[in-house]
Every structure is written in structure tokens, then in C-alpha cells.
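# Secondary and tertiary structure notes
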Amino acid sequence: MESGEAVSLLGERGLCQFKSYRRRWFLLAAVCLLNCSNAMLWLTFAPVADKTAVYFHISLEMVNWLSIVYLLISIPFGVVATWVLDSLGLRCAVILSAWLNMMGSIIRVFSVLKFLNVGSQSYWYLFTGQCLCALAQPLIIFSPTKLAALWFPDHQRATANTIASMSNPLGILIANVLSPALVPEGKHIPLMLGVYAVPAVTACALATVGIHEKVPPTPPSASATTSTSQPFLAGLKMLLRNKPYIILAVCFGGGIGMFTCFSALLEQILCEKGYSNEFAGLNGALFTVCGLLGAFLLGLYVDRTRNFIESTKICFCLSALASIVFAVTSRFRNQAVMLAITSSLFGFFGFAIYPIAMELAVECSYPVGEGTSTGLIFVASQIEGVILMILLQALTVRVSEDPSSTCALDQDGALDWTTPVLVLAGLCSAMACFYVIFFHTDYKRLSAETNSGDLAKAEDTATADVPEA
């Protein structure tokens, strides 16, 4: 559909009165808590991978699969999630994801309950719980853009999307800090699993009891009146023919995949050079906190200026530079300050792109539904993330035991991550260059809203000029 047709969709509702409701903030809070909880459950074991392997008598590769399963499951289920969000609505998607998330967190706890006597099957309870949480992830990851479009006025959309989207890296931050703090020794893993189940249960209760409506009674903006105007399959076909959208999906899908790998493998990358789990957790925390700050500031800036493309291109290039510095610095010992700085910069510029890129996906693909346009990028990111996780682990090299290493070593020794981190930095730089050179698009949704507003003013003026009978 051309942009002129998109404008006509809004023109039909040009005289509609718009209204925003205070309960939109409750919806935003529920989605944020659910998104945060799901991210915590995803990366529960990554900061304490070595202790988890020892406690459950499994290999590090099996621990990594507790994270990789999120990527694998969300690829096929991501398509289903886009259909659920755009066809059945936001309420159904949020409540379904809340129950899946809660059930997964509870099943994980079963793996460490003594009276169940699961024995050697404990790992598979963990894995099953992770699978249920992984099913919830696409539904909740896709929701922020839909929530912002349906419930928030146009001048608050980018900010609302940023807050809801950044609750996911906030969960990553909490996992990076909380897991090492809760598990100084492997015997404390049952406590960690119990603590992580609490937010999941709370989020499920809030979503189930507090979310009653599929859409607000009166839309908050012109584009919200046509938020699901395109059937799912028709919208999917439009996206696959949209060149700017394909470029955005490949580049930012790859960027999300790289951030996934960085978060999941950070502890293993640093421990071989003598950095502790606590320091790896601190780096993960700085990476996320600075990312949250960057995303918040960029969201406010873009809400006021509408400079989506310029902002994402600049931040993508700066995050690529930060990834190069981190790749080099992480290969040396006793570089704690430099590693902390580069992790902070990598997060500040890299995370800032995410919510703006999701808004940009809606802008360049309008009037396709928000769930479909953001969902396809997420599916692409999971595919690229799986490929990267497998590739990076394949590029590691076994090295003999080093007295300065802080890794909990198995009988085969530690892993050297020099080649993988350099490959990761190279891929990040290549994608940044490709995006800067080839991505160009119009802001279709903003243009449609502007033209709709002009049409409404023209009709009001014409009505005022008609003399009374």
C-alpha cells in the first residue's frame, strides 16, 4: 500500500475526537514488570555459568543452552506472536505471556526441591521451565510498540515505547547483579531460583486482574484508529516487499543478536583473563544502566525532533567503535577500569538504538500492524542470535589451566575467547556501515497523521463558513 492510501485510511476518521486515559500508565507498569521478569529468567544462569555447571553436574555448553533455547523457540513462535498481537489484541497477548512466564519460573524451582527427588532429571526441569519462559518472550517483547500506539498520544509514543522496551535490559541488569550476589557458592542456586519466581508471579497477577480492555474506548491519536488496519498475511507480504524495512530488520536484528551474545557470554569471556564473576556482573550492570540512560535520553530527543534515522545511524556507529575497543581490551589482564568504561559506552549507544529502531520500523512500514512490523525484526534477531551463539562458541579454543584464571574449570581446561570477540566486533562494524550507507525511508505514519490533521482542520473551516439556514 502506498503512503497516499495510508493517508486515506486516516482521512476517514479525520473528525474523530482523541483522548488518553490515565490507566495507560498501569498498563505500562504491568508490561514493564513482565518484560523485566522475563529477561531475568532468561539470563538467570549466565553470570554464574560455572557454578551452575558444577551444581547440576553438567557442561558449560549445557548451561549456555538454557539461554540459547530462548532464541530457538522464539523464531517459530515469533510469527505466531505477531498474529496473536495484531489479530487477538494486546490484552490477550499480555495475559498469555504472563501465565507462560509464571509457569516456567515455577517449573524451574521444581528442579531443586529435595522432596521431589528428581535426581539426574533436574536439568530437564530447568530446561522445560526455560522453554515456557521462552514462549512468553516474543509476546511481551512485541507488546511495547503496540501499547504505545494504542494507548499513548503521538507526543508520548517514543517515550512510552522506550520505557516498556528498556524494562527488558533492566531485567538483564538485575540478573547480572543479583545472580552473583545470591550465588557465592553453588549450594545457593535454589535460593536464586525462588527469588526469580517472585516477580513472575506478581506480573501474572497484575496482568490477569488489572487488564480488562483490548483497546481504549476512544483512541489517543489518528494512527491508533487504524492500528490493526492490515490483515496479518497482507501486512507480512507488504513488509517482505519493503526494501528499507528489510535493511532495518537485517541490521538491527543483527545488532540485537550481538547484544544477546554479549550478555549471555560476558562471564565466560572475562573469567579466562582472571576477572571475577562479580566484576563480570558489574560490567553487565554498567552495560545495561548506561544503556537505559542512553535510551531514555534518546527517546526524549526523538519525541521532540522526530530525527529517527539520524539518531540511529550515529548511535550504531558509536556502538561499533565501543565494541572494537572492548574486544581488544578484554584480551588483556588487569584492565578493569578500561573494560568498565567500554562496557558503559557500548551499552549507552547500543541500547539507545533499540526502542527508536522499533518506532522506526513502524514508521517505514505503516499501515502494517505494529505487532507484525516489530515482530519480524525480533524473529530476525533471534535467527541471527542463534547463528552467532553457535559460531562464537565454535571459534573458542581450549587452553591449559592458568593459575590466574577465575573460571570454574572442567577437566578439559578453560576456553580462549580472543577470536570470537574480534569476530563479534567486526560484524558489528560491518552492519553499522551497511545501515548508514543503504538505509533511507520516509516517515509514513507521521506523514499520515499530519495530513489527517490538516484534513480535519480544513473540514472544520469549511463547516464554520457555511451560513446557518
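Residues numbered from 1 in each chain as written. Predicted model: local features only at pLDDT ≥ 70, side-chain atom pairs only at ≥ 80, totals over all residues. Heavy atoms only, no water.

Moving on: helix α7 (residues 143-151). In terms of burial, α7 is a largely internal element, 9 of the 9 residues being buried. Every buried residue of α7 is listed here: Ser143, Pro144, Thr145, Lys146, Leu147, Ala148, Ala149, Leu150 and Trp151. (Buried < 20%, exposed > 50% of the residue type's maximum accessible area, 1.4 Å probe, protein only. Helix = DSSP H or I, 4+ residues; strand = E, 2+ residues; numbered from the N terminus.)

Another point: helix α12 (residues 277-305). Compared with an ideal rise of 1.5 Å per residue, which puts 29 residues at 42 Å, α12 spans 41 Å between its outermost C-alpha atoms and is within 8% of the ideal. Here α12 starts with a cap whose side-chain oxygen sits 3.1 Å from the backbone nitrogen of Phe279, and that cap is Ser276. (Expected span 1.5 Å × (residues − 1). Polar contact = N/O pair within 3.5 Å; in protein donor to acceptor, adjacent residues only side chain to side chain.)

Tracing the chain through its elements places Gly194 in helix α9 (residues 189-210). Residue class for Gly194 comes out partly exposed when judged on its relative accessible area of 31%. Put simply, Gly194 and Val109 are 85 residues apart on the chain and 6.3 Å apart in space, counted from C-alpha to C-alpha.

Moving on, we come to the side chain of Ser67. Position of Ser67 relative to the elements: it lies in helix α4 (residues 60-88). Taking relative accessible area as the criterion, Ser67 reaches 7% and is therefore assigned buried. Those residues within four positions of Ser67 in sequence are excluded, and the remaining contacts are Trp42, Leu43 and Ala264. (Contact = heavy atoms within 4.5 Å.)

What follows is about the packing of aromatic side chains. In the structure shown here, the tally under the stated rule is 23 aromatic pairs. On the numbers, 5.2 Å between centres and 85° between planes, the contact of Phe262 with Phe346 is edge-to-face. Taken together, the residues Phe262 in helix α11 (residues 243-271) and Phe346 in helix α14 (residues 336-365) connect sequence positions 84 residues apart. Residue classification places Phe262 among the buried residues on the basis of a relative accessible area of 3%. A relative accessible area of 5% places Phe346 in the buried class. When the ring of Phe308 is compared with that of Tyr443, the centres are 5.3 Å apart and the planes differ by 70°; the resulting orientation is edge-to-face. You can see Phe308 sitting in helix α13 (residues 308-329) and its partner Tyr443 sitting in the loop between α16 (418-438) and α17 (444-465), a full 135 residues away along the chain. (Phe/Tyr/Trp six-rings, centres within 6.5 Å; stacked < 30°, edge-to-face > 60°.)

Take the packing of α11 against helix α15 (residues 370-394) next. Look at α11 against α15: their axes get within 7 Å of each other, and the N-to-C directions meet at 50°. It follows that α11 is oblique to α15 by the angle criterion. Between α11 and α15 the crossing geometry is right-handed. Packed against α11, whose contacting residues are Tyr245, Leu248, Ala249, Val250, Gly253, Gly254, Ile256, Gly257, Met258, Cys261, Ala264 and Leu265, the element α15 presents Thr372, Ser373, Thr374, Leu376, Ile377, Ala380, Ser381, Glu384, Gly385, Leu388, Met389 and Leu392 at the interface. For the contact of α11 with α15, the per-class residue count stands at 15 nonpolar, 8 polar and 1 charged. (Axes fitted to C-alpha atoms, helices over the stretch in contact; angles between N-to-C directions. Parallel < 35°, antiparallel > 145°, perpendicular 65-115°, else oblique. Left-handed = near helix turned anticlockwise from the far one by under 90°. Nonpolar A, V, L, I, M, F, W, Y, C, P; charged D, E, K, R; others polar.)

Our next topic: the nonpolar core. Formed by 134 residues in total, the largest nonpolar core has its most connected members in Leu248 and Phe316. Ranked by residues supplied to this core, first place goes to α11 with 16 residues. Beyond its immediate stretch of four places on either side in the chain, Phe316 contacts Cys251, Phe252, Ile353, Cys428, Met431, Ala432 and Tyr435. (Core = buried A, V, L, I, M, F, W, Y, C linked by side-chain atoms within 4.5 Å.)

Turning our eyes to something else, we now look at unusual backbone geometry. A positive phi angle is found at His57, which is not glycine, with a value near 60°. On the secondary structure map, His57 appears in the loop between α3 (49-56) and α4. The exposure class assigned to His57 is exposed, which follows from its relative accessible area of 72%. Of note in the backbone geometry, Arg306 takes a positive phi value of approximately 65° without being a glycine.

Considering every residue of the protein chain, the mean pLDDT works out to 81; 87% of them sit at 70 or more. Low pLDDT, under 50, characterises residues 1-15; the stretch is placed with 30 contacts to residues that sit more than four places away or in other chains. Here residues 462-466 is modelled with pLDDT under 50, and outside its nearest four sequence neighbours on either side it reaches 0 contacts, counting other chains as well. (pLDDT = per-residue confidence, 0-100.)

Moving on, we get to the pattern of salt bridges. Inspection of every chain in the model, using the stated rule, returns 2 salt bridges. Between Asp416 and Arg331 there is a salt bridge, and its shortest N-O distance comes to 3.8 Å. Here Arg331 lies in the loop between α13 and α14 and Asp416 lies in strand β2 (residues 414-416), a separation of 85 residues in the sequence. Accessibility expressed as a relative area gives 16% for Asp416, which makes it buried. Judged by relative accessible area, which is 12%, Arg331 ranks as buried. (Salt bridge = Lys/Arg side-chain N within 4 Å of Asp/Glu carboxyl O.)

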